[in-house]
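Descriptive analysis of the structure
Here is what each chain is made of, one letter per residue.
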Amino acid sequence: MEIFIPPKLTPIINALERAGARTLLVGGAVRDSLLGLPVHDWDMEIHELNEARLEECLAPFAAHRVGGRCAVWVAAGAEFTLPQTRGETDPHLPWSIAVQRRDFTVNALAWDWRSGQILDAVGGLRDLQKKRLRIVNPDTFADDPLRAFRAARLVGQLDFHLEASSIPHCQKLAEQLSEIPTERLRKEWEALLLRGCNLQTAWDALALTGSIRAFPALEALQAVPQRPDAHPEGDVWIHTGKVLAEAATLRQGLPARDIILMLAALLHDLGKADSTRRDPQNRWRAIGHEHSLARARDFLNRYFPGQHLQQQILPLLRWHGAPHALFRDRAKQQAYARLALRVPDRSLLLDVAQADTRGGGHSDLSSITHAREIWQKLGLWETLPEALIRGDDLIDLGVPPGPELGKALRRAYQRQVLGNHQNKETLLRALHGRIPAFNLPSDPAC
């Protein structure tokens, strides 16, 4: 079998082969190539060269070393390692023994660069055909607690099922997930949310493997009830899994955008764990859950830190129900303009609202279509308009620099958008007498 690796790796592999190495492509790259999926990670295991010789061969290719005792080199976007067992490297270790340290059989396949043959010592090809995720070796599986989470991620990414005898090993290992560095967990979350083709299955696999216990805010969604007439699909946990699946159909292949969409889908109903109560008619309600953002903020701070992401995601959580509410209440255009000012990206808001609607078992997207049409009509769809009034304009009119100037500018811009003003003169007239900082003459043209 031929696997087409990136051209930039060819000269590196040729150099290793000339030095006497046996170069094996291993792990997910082989798995995904056999499944016809895009390859994201290129990992090479180098046999027959000792550590010093391997480092010497990689040096001309700007390789840098990572890891500790069991070294890993990165060059041209690929990782190069020596065969190892239980933390000890051995360049002459047979593949049948080296493979025992790998996590799942479908990740324990290798492709020999020299012969073009697939090496399968643990039944990985059979498990690929059966769409089955099975651990390689219970003894070595426990070497890395992150494998419990990865099991759930791969179930959703590959649309496989977790083999029954592997489940208890994952559940036991998941008890140690809290010890894993947050950076490694973040990468697994990214892979799950951005690559998963069956997110509902992945979501349920997080519970099946026990991995969800490492994320109390998410685990709290289990068994939180919802009104059957509004949510025929079931409790908040079930609903969230369905929303994730719907959101995945709206990904655009743009990681920076897609991660915002998927995290918003993941976190959009965390507030229901705190706000769900029975109303006077004995119906389950979660009034105000959109305002309860503490759990979501804590999750983002821990696993996806950064002001930019929070500024994008938290408004989506706060206002994800607004398009439906405005449509239900037959709100006027100004209410839609006000909503446009509250979210950085209107298209993302509507994607989250659509996923929420369909994840709740409803197919009517009239509220989504209506909001998009109004924003397009008002010129607020793709981008918000540039401010007609700037700081220099107000200073020229006698407004002193300082905090009041900033407040006046924000009020002016809000008035511009809500009133759909197209030129500075009409906006200044509209502002006269409404904002104390605007001490304007009766005729702004004077």
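Keep in mind it's a predicted model, so treat the numbers as computed, not measured.

Some words on the overall build of the chain
Helix and strand counts for the chain come out as 23 helices and 13 strands. When the backbone C-alpha atoms are referred to their principal axes, the chain occupies close to 90 × 60 × 35 Å. Within the chain, the proportion of its 446 residues that are buried is 50%. When contacts within the chain are restricted to residue pairs at least 6 apart in sequence, long-range pairs at least 24 apart make up 65% of them. For the chain, the accessible area works out to roughly 21000 Å², and carbon and sulfur atoms hold 49% of it. Within the chain, one finds 55 positive and 53 negative side-chain charges whose respective centroids are separated by 6 Å.

Quick look at the UniProt feature "domain: HD" (unreviewed entry) in the chain
Per the UniProt record, "domain: HD" (unreviewed entry) is annotated on residues 236–324. Structurally, residues 236–324 comprises 63% helix and 4% strand, and the distance from its first C-alpha atom to its last is 19 Å.

Topic: the packing of aromatic side chains
Taken as a whole and assessed by the stated rule, the structure comprises 12 aromatic pairs. With centroids separated by 4.0 Å and ring planes inclined at 20°, the aromatic side chains of Trp203 and Trp237 adopt a geometry described as stacked. In this pair, Trp203 is assigned in helix H10 (residues 199–208) and Trp237 in helix H12 (residues 236–248), connecting sequence segments 34 residues apart. The exposure class of Trp237 is buried, given its relative accessible area of 7%. Taking 5.1 Å as the distance between ring centres and 50° as the angle between the ring planes, the aromatic pair formed by Phe299 and Tyr303 counts as tilted. Of the two residues, Phe299 and Tyr303 both sit in helix H15 (residues 294–303), four residues apart, roughly one turn of that helix. We classify Phe299 as buried; its relative accessible area is 5%. An aromatic cluster is defined as three or more aromatic residues linked by ring pairs; in this entry it consists of Phe149, Trp189, Phe215, Phe299, Tyr303 and Phe304.

Some words on the sheet that holds strand S1 (residues 22–26)
The strand order across the open sheet built from seven strands is S3-S4-S5-S2-S1-S8-S9, with neighbouring strands paired in mixed fashion. Sheet topology places strand S3 (64–66) and strand S9 (118–120) at the edges, where each strand pairs with a single neighbour. The average undirected angle you get between the axes of adjacent strands in this sheet is 35°. Alignment of strand S8 (residues 109–112) against S9, held across three bridges, turns out to be antiparallel. Paired with Leu109 across the two strands is Asp120, which belongs to S9. Packed onto the sheet, helix H1 (residues 10–18) meets S1, strand S2 (42–47), strand S4 (72–75) and strand S5 (78–81) and runs at close to 140° relative to S1.

Here we look at the side chain of Asp269
Tracing the backbone shows Asp269 in the loop between helix H13 (255–267) and helix H14 (272–275). Asp269 sits in the buried class, given a relative accessible area of 1%. Here the side chain of Asp269 touches His239 through a polar contact of 3.5 Å, side chain to side chain. Setting aside its immediate chain neighbours within four residues, Asp269 contacts Leu221, Gln226, Val236, His239, His289 and His320.

Focus: the pairing of S4
Burial along S4 is two-sided: Val72 and Val74 and Trp73 and Ala75, pointing in opposite directions, are all buried. Two strands pair when backbone bridges link them, and S3 and S4 are joined in this way by three bridges, in the antiparallel orientation. Residue pairing for S4: Arg65 is matched across the bridge by Trp73. One ladder, built from four bridges, connects S4 with S5; its direction is antiparallel. Opposite Val74, over in S5, you have Glu79 as the bridge partner.

What about unusual backbone geometry?
Positive phi, normally seen in glycine, also occurs at Ala223, with a value near 70°. Looking at where Ala223 falls in the secondary structure, it is placed in the loop between helix H11 (216–219) and H12. Using a relative accessible area of 60% as the deciding quantity, one classes Ala223 as exposed.

A short note on the side chain of His289
Tracing the backbone through its elements, the reader meets His289 in the loop between strand S13 (284–285) and H15. With a relative accessible area of 10%, His289 lands in the buried category. Among the polar contacts made by the side chain of His289, one reaches the side chain of Asp269 at a distance of 3.1 Å. Sequence-distant contacts of His289, that is, excluding residues within four places in its chain, are made with His268, Asp269, Gly271, Lys272, Ser275 and His320.

As for the packing of helix H7 (residues 146–158) against H10
Two elements in contact, H7 and H10, have axes separated by 7 Å at closest approach and are oriented at 160°. As far as their axial angle goes, H10 and H7 are roughly antiparallel. As for the relative orientation of H7 and H10, their crossing is right-handed in sense. When H7 is examined against H10, the residues Phe149, Ala152, Val155 and Gly156 are found in contact with a partner set consisting of Thr201, Ala202, Ala205 and Leu206. Residues that form the contact of H7 with H10 fall into these classes: six nonpolar, two polar and no charged.

With respect to H13
With 13 residues, H13 extends 18 Å from end C-alpha to end C-alpha; this agrees with the ideal 18 Å at 1.5 Å per step. The buried fraction of H13 is high, at 11 of 13 residues. Within the span of H13, buried status applies to Arg257, Asp258, Ile259, Ile260, Leu261, Met262, Leu263, Ala264, Ala265, Leu266 and Leu267.

Some details on the pairing of S5
Summarising the sheet, S2 and S5 pair through four bridges and their orientation is parallel. Opposite Trp42, over in S5, you have Ala78 as the bridge partner. Here S4 folds back onto S5, and the loop between the two strands holds two residues, one of which, Ala76, carries a positive phi near 55°.

Things to note about helix H9 (residues 182–195)
With 14 residues, H9 should cover 20 Å at 1.5 Å per step; its first-to-last C-alpha distance of 20 Å lies within 8% of that length. Buried within H9 are the following residues: Leu185, Arg186, Glu188, Trp189, Ala191, Leu192 and Leu193. Where the residues of H9 are buried, they touch H7, H10, H11, H12, H13 and H15.

Rules used throughout
Residues numbered from 1 in each chain as written. Predicted model: local features only at pLDDT ≥ 70, side-chain atom pairs only at ≥ 80, totals over all residues. Heavy atoms only, no water. Helix = DSSP H or I, 4+ residues; strand = E, 2+ residues; numbered from the N terminus. Buried < 20%, exposed > 50% of the residue type's maximum accessible area, 1.4 Å probe, protein only. Contact = heavy atoms within 4.5 Å. Areas by Shrake-Rupley, 256 points an atom, 1.4 Å probe, with all protein chains shown as cover. Lys, Arg positive; Asp, Glu negative; His and termini not counted. Charge placed at Lys NZ, Arg CZ, Asp CG, Glu CD. UniProt positions renumbered as here; feature names shortened; annotations may be inferred. Phe/Tyr/Trp six-rings, centres within 6.5 Å; stacked < 30°, edge-to-face > 60°. Pairing = 2+ DSSP bridges. Axes fitted to C-alpha atoms, helices over the stretch in contact; angles between N-to-C directions. Polar contact = N/O pair within 3.5 Å; in protein donor to acceptor, adjacent residues only side chain to side chain. Parallel < 35°, antiparallel > 145°, perpendicular 65-115°, else oblique. Left-handed = near helix turned anticlockwise from the far one by under 90°. Nonpolar A, V, L, I, M, F, W, Y, C, P; charged D, E, K, R; others polar. Expected span 1.5 Å × (residues − 1).

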